[in-house]
Amino acid sequence: LVKPRQFVMSMRVFFLVAAVACALCGLGWGKQSAASTGAYTTVRSTRATYGDVPQLADFTQLPLLNASNPVWNSFGWAGEGEVRAGSGGKETFLLLTPSGLYRLESDSLDMFPLLFVDGDEPTLSPSARILTHVRDGRSVLGVVDGTSAQAYFCGNHLEQACEKQGEGINFGEIGTANDAAVSSKQDLLVVGGSDGAMVYDLASNSAYYVSIKESVRCVAVRDEDGSIALSGSQRVWFHEGRVEMEKGGAKSSPSPVDPFTPSSKWRFEWIADREGGGDAAGPVEDPPRSLLFSASGTLWIPNENTINYRRQDGTFGRFSFMKGLPLMNASVASNAVAFGGVAIALKEGMGVFPESFVTEVDETVSDVDDTILHLVHPFFYRGNRYLSTDSIVSALAVVRERMLVVTTSGLAVMRLERTTLEEKSRYYTEIGEKRHNRFGTMNDCSLAVYGDASSCRQGPGANDGLWTSMYLGGKIFEYAITKDEATRQICWERFKGLKTLVDVTGIRGLMARSAVNTNEGEAVPQGNNWHASPTMPGWWWQGDTSSDEVVGHLFVYPLMHDIVCENEEERSVVKSLLDEVTSQIVMNGFYLIDVTGNYTTWGRWSPTYLNDYHLYADNRGLYSLEILAWLKSAHRITGRSLYADAYANLTSNFGYEDNLLNLKVIDPQDDNFSDDELAYLSYFAYCWAVPPSDRPSQFDISLRRQWESNMGERSALWISMHNFCAGKKEKIEDGVWNLQGWPEELIDWPMINSDRYDVLLSKSGGRSPGHEYSVDVLRPQERSQLRWNGNPHEVDNGGGHTEGDPGAWILPYWLGRYQDLWQ
């Protein structure tokens, strides 16, 4: 968690958030970049909990806000010239608290006081509405508070305490203000009160009083044409275009306008009333919690039951769950063009809804029709990956490419930043080399402090060889493209780590799952299968090595031999290691023999085991592919007839090529994604060794069947390896989507999606009883899958106490680059 450096403030709770500037640029977060461009927009978040701030240490919960629109994009002042307020282009926010109004710097999270509550002049109340803008370099705040509005000068960049400007405006006719909105282009101020609404033309010093017979809770004004929307508990009112002002009304009481009179040009629609079992209907399904005109002119109406919207032609629609509404209880809204649409706080978290949802999503789809797959979702931000501690959003505001989200326990500033996949690769490499390098091997690490990557503690894992091999494979392809000497050195360091896992056992061709070096202060883990090394004093190694380790080692050795090695001496080192591992398996009857003298639990590739043992049936195709790929690789590199003869024996006498046909287990109860990972690594190893013209037809059929089963998962690794073997360029956009969306923080943050209404849960289940799975795969940012052996359909996962290594991303990215699939 990133802590703020300094808070110059006296506060206990955030009540209101306002953006100092609202000129939004359209980077289009979430829009798929073309694979050829390379650049894309990502979201990065700086978070702080109240516990991080000494002044807030005794505060534990923030009361939810009453409904209001927290963003006002301009304010003009009559009688005092053009008095405006804003930030002068700086990415700053305003926070209104019980103790006063503060400026928040979005990058540093430093806070500075501007106005105070119950203190020295000037003062304001906690329920005030803050209007801001900048014009001609002069920064002024407009404060709507109680029954009046007042302007304040706070320095050109809101860098000093505010001073009152002019006498202000009184609007006692409408009672106490509930909400306010402004239009910079139209110079209109709209205030909703307990007894109606007042509209002020700030340029001409005129006013308009609409006498609605109910309290006006929410207001909105459209910047483009001055159209106004008002809402109470029973009706939502609309006025198309500017209202006709009464001259002199800003300083005197204007005549009330009866909106029920047709000549007034006001129109309304009913708000449904179902309290106490009532059945009064209306196109707005619950009292609005805020109103917002988006750039297209659509009026957005968040409420407890759904999000309604009114198009420019006057027709209404709603976001049902089949149209992408993740959760109910929608409240505050803000235009977030740069983030891809309109940001709206929900029951938990915050969704960004593209404008296209209003027109492109089929309005006829029923909420109960679960035969239709969810292919469109909003951008949904929830949990500690983006927000602070919890996801109960109290307020949000957007300024350019920054979004401030306040929750009941802290705040987060989400930033849009342009980057490239290659820059992401450099960032991941830095993480891998800094926190995940154990004597050349790669693994995840445990976090001593929840969510704090700096508390990473390295230790042995169960599959260090596999994870190291995947990272090494990616770096090898990076070297193949860049010829960077530093990358080549990383390759050799990782290869030496793999060789250490073989050398430490003291048994020819047997690699350890993991190892520890007590000479460096590492403790020997508790449990079985740990053995003192006979060849490396002070080292201990973990036995009962699985097929996963062999797959990793024999996937990457040929790449190291062919791409990184520059001379015969280097190649002989790799060739010797590959020969040792493969020959021991062959000469031991296609078993991996442990230090105990018995084969390991998962080290069995013999015909007897694969063809005759029913309980091993789900591994029949996979293990046949593995051993055939290794034999082809070993024969190509060593030239030994041992491997060619073994291949001929297994295929001619035991049908190992036929075993490939139904390799992929498609039964949902036995759908093993770890096996998918091992399969693609082995498909690739086979293809690296065997040209397409020499591959048996069973191999191509098996690969296609596997691909057709997995392509919906949109995995960059499956895509890059399938395309390499098939000689195609399929699903490239899905691969880019996956690589771009892979979280930059590799922490396994808890991600909960099972309660989302827009996620269709599979009725087929999966391998883990009690777990729930989605039909279609959610965005990588919304999941906690940081390796390919995890189920991408699992909707709830993560714990916040592990940081994954970057190998799962590095390998598909650089393998795709090697094939020119993406940049």
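Here the residue numbers are simple positions, counted from 1 along each chain's written sequence. Given that the model is predicted, a residue must reach a pLDDT of at least 70 before its local features are reported, and side-chain atom pairs must reach 80 or more before they are shown or counted; all residues, however, enter totals for whole chains, interfaces and linings. No hydrogens and no water enter the side-chain calculation; it runs on all heavy atoms of the structure.

On to the overall build of the protein. Of the regular secondary structure elements, the protein holds 15 helices and 40 strands. Buried, partly exposed and exposed residues are distinguished by accessible area as a fraction of the type maximum, computed with a 1.4 Å probe on protein chains only: under 20%, between the cut-offs, and over 50%, respectively. A total of 823 residues make up the protein; the buried ones form 60% of that total. In what follows, residue pairs with any heavy atoms lying within 4.5 Å of each other are defined as contacts. The contacts of the protein with a sequence gap of at least 6 include a subset with a gap of at least 24, amounting to 65%. Within the structure as shown, the protein displays about 30300 Å² of accessible surface, and the carbon and sulfur contribution to it stands at 47%. By definition, any uninterrupted DSSP run of H or I lasting at least four residues is a helix, any uninterrupted run of E lasting at least two residues is a strand, and each is numbered from the N terminus. Where accessible areas are quoted, they stem from the Shrake-Rupley method and a 1.4 Å probe; at the residue level, only the protein chains shown are allowed to cover.

Turning our eyes to something else, we now look at the state of the cysteines. Disulfide assignment relies on a single distance test, namely cysteine sulfur atoms paired within 2.5 Å. Per the counting criterion, the structure on display carries 2 disulfides. In this model, cysteine 445 is linked to cysteine 456 through a disulfide, with the two sulfur atoms separated by 2.0 Å. The S-S bond linking cysteine 445 to cysteine 456 shows a torsion near -135°; that makes this disulfide left-handed. On the criterion of sequence distance, the pair formed by cysteine 445 in strand 33 (residues 445-447) and cysteine 456 in strand 34 (residues 456-457) is long-range, its members being 11 residues apart. A sulfur-sulfur distance of 2.2 Å marks the disulfide that ties cysteine 687 to cysteine 725. Across the S-S bond linking cysteine 687 and cysteine 725, the dihedral sits near 120°, which makes this disulfide right-handed. One end of the pair, cysteine 687, is in helix 11 (residues 673-689); the other, cysteine 725, is in helix 13 (residues 716-726), with 38 residues separating them in the sequence.

Every case where a carboxyl oxygen of Asp or Glu lies within 4 Å of a side-chain nitrogen of Lys or Arg is listed as a salt bridge. Counted by the stated rule, this structure contains 37 salt bridges. Where aspartate 579 meets arginine 640, a salt bridge forms, and the shortest distance between an N and an O atom there is 3.0 Å. Remark: arginine 640 occurs in the loop between helix 8 (620-638) and helix 9 (641-654) and aspartate 579 occurs in helix 6 (residues 568-587); sequence separation between them is 61 residues. As a salt-bridge pair, glutamate 730 and arginine 704 come within 3.1 Å of each other at their nearest N and O atoms. Separated by 26 residues along the polypeptide, glutamate 730 in the loop between helix 13 and helix 14 (732-741) and arginine 704 in helix 12 (residues 697-710) bring together distant segments of the chain. Classification of arginine 704 as partly exposed rests on a relative accessible area of 28%.

Turning our attention to the packing of aromatic side chains. Here the aromatic set is Phe, Tyr and Trp, taking the six-membered ring for Trp, and pairing holds for ring centres within 6.5 Å; pairs whose planes are under 30 degrees apart are stacked, those over 60 apart are edge-to-face, and all others are tilted. A complete count under the given rule lists 39 aromatic pairs for this structure. Every member of this aromatic cluster is reached through a ring pair, and the members are Tyr591, Tyr599, Trp602, Trp605, Tyr609, Tyr613, Tyr616, Tyr623 and Trp630. Working rule: Lys NZ or Arg CZ, within 6 Å of ring centre, within 35 degrees of ring normal, means a charge sits over the ring. Directly above the aromatic system of phenylalanine 238 lies the positively charged group of arginine 310, at a separation of 4.1 Å from the ring centroid. A cation over a ring is seen here: arginine 787 above tryptophan 467, with NZ or CZ 3.9 Å from the ring centre.

As a further point, take the sheet that holds strand 22 (residues 307-310). At least two bridges found by DSSP between two strands are what make those strands a pair. With antiparallel pairing, the 4 strands of this open sheet are ordered in space as 20-21-22-23. Across the chains shown, the open sheet's two edge strands, defined by having one partner strand only, are strand 20 (292-293) and strand 23 (316-318). Looking at chain direction, strand 22 and strand 23 are connected through 3 bridges and run antiparallel. Paired with arginine 310 across the two strands is phenylalanine 316, which belongs to strand 23.

As a further point, take the sheet that holds strand 25 (residues 341-345). The strand order 24-25-26-27 describes an open sheet built from 4 strands, whose pairing is antiparallel. In this open sheet, the two strands that pair with only one neighbour each are strand 24 (333-336) and strand 27 (379-381). Looking at each pair of strands side by side, their axes are set apart by 20° on average, direction ignored. The angle between two axes is taken between their N-to-C directions and runs from 0 to 180 degrees, where each axis is a line fitted to C-alpha atoms and a helix contributes only its stretch in contact.

Here we come to the confidence of the model for the protein. pLDDT is defined as a per-residue confidence score from the predictor, taking values between 0 and 100. When pLDDT is averaged along the protein, the result is 84; 84% of the residues meet or exceed 70. Note that pLDDT drops below 50 for residues 53-89; the model gives that stretch 149 contacts with residues more than four away or on any other chain.

Another aspect to go through is the side chain of aspartate 579. Residue class for aspartate 579 comes out buried when judged on its relative accessible area of 14%. Side-chain polar atoms of aspartate 579 contact the side chain of arginine 640, separated by 3.0 Å. When neighbours within four sequence positions are excluded, aspartate 579 is seen to be in contact with Thr638, Arg640 and Tyr643. Polar contacts, as used here, are pairs of N or O atoms within 3.5 Å; protein pairs need one atom able to donate a hydrogen and one able to accept it. Residues neighboring in sequence count only if both atoms are side-chain atoms.

Its identity as a non-glycine residue notwithstanding, lysine 265 has a phi of 70°, on the positive side. Among the residues examined, lysine 265 registers a relative accessible area of 53% and is labelled exposed.

As a packed pair, helix 2 (residues 421-435) and helix 15 (residues 807-818) sit with axes 11 Å apart at the nearest point and diverge in direction by 145°. Regarding helix 2 and helix 15, the two cross each other, and that crossing is left-handed. Seen from helix 2, the contacting residues are Leu421, Glu422, Lys424, Ser425, Tyr428 and Thr429; seen from helix 15, they are Trp809, Ile810, Tyr813, Trp814 and Arg817. Taken together, the residues of the contact of helix 2 with helix 15 break down into 6 nonpolar, 2 polar and 3 charged. Less than a right angle of anticlockwise turn of the near helix away from the far helix marks a crossing as left-handed, whereas a clockwise turn marks it as right-handed. Throughout this entry, Asp, Glu, Lys and Arg are counted as charged residues, while Ala, Val, Leu, Ile, Met, Phe, Trp, Tyr, Cys and Pro are counted as nonpolar. The remaining residues, Gly among them, count as polar.

Here we take up the pairing of strand 10 (residues 177-183). The buried count for strand 10 comes to 6 of 7 residues, which makes it a mostly enclosed element. For strand 10 and strand 11 (residues 188-193), the ladder comprises 6 bridges, and the chain directions are antiparallel. Within strand 11, the position partnered with serine 183 by the bridge is leucine 188. Hairpin connection of strand 10 to strand 11: 4 residues between the antiparallel strands, including aspartate 187 at a positive phi of 55°.

An ideal rise of 1.5 Å per residue puts 27 Å on 19 residues; helix 4 (residues 485-503) measures up with 26 Å between its terminal C-alpha atoms. Here helix 4 has its buried residues at Thr487, Arg488, Ile490, Cys491, Trp492, Arg494, Phe495, Gly497, Leu498, Thr500, Leu501 and Val502. Measuring from the side-chain oxygen of the N-cap residue of helix 4 to the backbone nitrogen of alanine 486 gives 3.4 Å; that N-cap residue is aspartate 484. In this scheme, a helix's expected span is set at 1.5 Å multiplied by one less than its residue total.

This part covers the pairing of strand 30 (residues 410-420). Summarising burial for strand 30: 8 of the 11 residues are buried, a large majority. Looking at chain direction, strand 2 (residues 39-49) and strand 30 are connected through 11 bridges and run antiparallel. If you follow tyrosine 40 over to strand 30, its bridge partner there is threonine 419. As defined by bridge partners, strand 29 (residues 402-407) adjoins strand 30 across 6 bridges and the pair is classed as antiparallel. Its bridge partner being in strand 30, threonine 407 is matched across the sheet by glycine 410. Linkage of strand 29 to strand 30, two consecutive antiparallel strands, is achieved through a turn of 2 residues.

Turning our eyes to something else, we now look at the packing of helix 3 (residues 464-482) against helix 15. Relative to each other, helix 3 and helix 15 sit at 30°, their axes nearing to 7 Å. Classed by the angle they form, the pair helix 3 and helix 15 counts as roughly parallel. Between helix 3 and helix 15 the crossing geometry is left-handed. Between helix 3 and helix 15, the contacting residues are Met470, Tyr471, Gly473, Gly474, Lys475, Phe477, Glu478, Ala480, Ile481 and Thr482 on the first element and Gly807, Ile810, Leu811, Trp814, Leu815, Arg817 and Tyr818 on the second. Here the contact of helix 3 with helix 15 is built from residues that sort into 10 nonpolar, 4 polar and 3 charged. An angle counts as roughly parallel when it lies under 35 degrees, as roughly antiparallel when it exceeds 145, as roughly perpendicular when it falls between 65 and 115, and as oblique in every other case.

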